[in-house]
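# Structure assessment
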Amino acid sequence: MARKGDRHRTAKQAKAQAAVVLAAPVDLYLAPSPHPMDVHEQPLQLPCGCRIIQRLQFERKALAYFAIVWVAREPLGGWEEQYSCDTAHGYFHEHVHGHRRARDRNDLRPLYTHVDVQECYDEGYDLVQNRHDRDCRRES
Ligand SMILES: [Zn+2]
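Below is a short write-up of the structure. (Residues numbered from 1 in each chain as written. Predicted model: local features only at pLDDT ≥ 70, side-chain atom pairs only at ≥ 80, totals over all residues.)

The secondary structure content of the protein chain amounts to 2 helices and 6 strands. What you see in the protein chain, going N to C, is helices and strands ordered as α-β-β-β-β-β-β-α. Pairs at least 24 residues apart make up 41% of the contacts formed inside the protein chain by residues separated by at least 6 positions. (Helix = DSSP H or I, 4+ residues; strand = E, 2+ residues; numbered from the N terminus. Contact = placed C-beta atoms within 7 Å.)

See the structure below:
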């Protein structure tokens, strides 16, 4: 029969092993590097002057990656990203201030297959459209 100290150690080891299992990397879905012919960019012009730009990547006719971006016209010309969501890095995630600013990424859910990408598409479009409708100050 094990002494008290041994049992303690065993429990400690079991805990450590469980932590390793929990921390093990999961196989998240990453879209293959796109062939340029498989990427489609679709800008939608809104009445207020903003645009919602969709970047869609297809693999064998299945949606493999998307980015949906709300951009607004800058006072001095050009376009500034306001909000976007996309499926890179294995996560469906949003960029709440425009992806060039620090700490603006918010993961919404992990992606395990391209089917998860397809299932997130409608929600992604709604997120961008709703954020625009809430925050656009250029509404005429
Ligand atoms: Zn707008």
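With that out of the way, let us pick up the environment of C85. Counting through the fold element by element, C85 comes out in strand β4 (residues 79-86). Separated by 40 residues in sequence, C85 and Y125 have C-alpha atoms that sit 8.4 Å apart. Apart from residues no more than four positions distant in its own chain, C85 is found in contact with I68, F92, H93, E94, G124, L127 and V128.

Here we come to the nonpolar core. Membership of the largest hydrophobic core comes to 13 residues, with the highest contact counts inside it found for I68, V117 and V128. Those elements that place two or more of their residues in this core are β3 (62-73), β4 and α2 (114-135). In terms of residue count, β3 provides more of this core than any other element does, 6 residues in total. The residues contacting I68, other than those within four sequence positions of it, are I52, Q54, S84, C85, G124, Y125 and V128. (Core = buried A, V, L, I, M, F, W, Y, C linked by C-beta atoms within 7 Å. Buried ≥ 20, exposed ≤ 12 C-beta atoms within 10 Å, placed from the backbone.)

Below, the discussion takes up the sheet that holds strand β5 (residues 91-95). Within the open sheet, the 6 strands sit side by side as β1-β2-β3-β4-β5-β6. Their pairing is antiparallel. The sheet is open, and its two borders are formed by β1 (39-45) and β6 (105-110), each paired with just one other strand. Across this sheet, the average inter-strand angle for adjacent strands is 25°, counted without regard to direction. Where β3 and β4 come together, 7 bridges link them in antiparallel fashion. (Pairing = 2+ DSSP bridges. Axes fitted to C-alpha atoms, helices over the stretch in contact; angles between N-to-C directions.)

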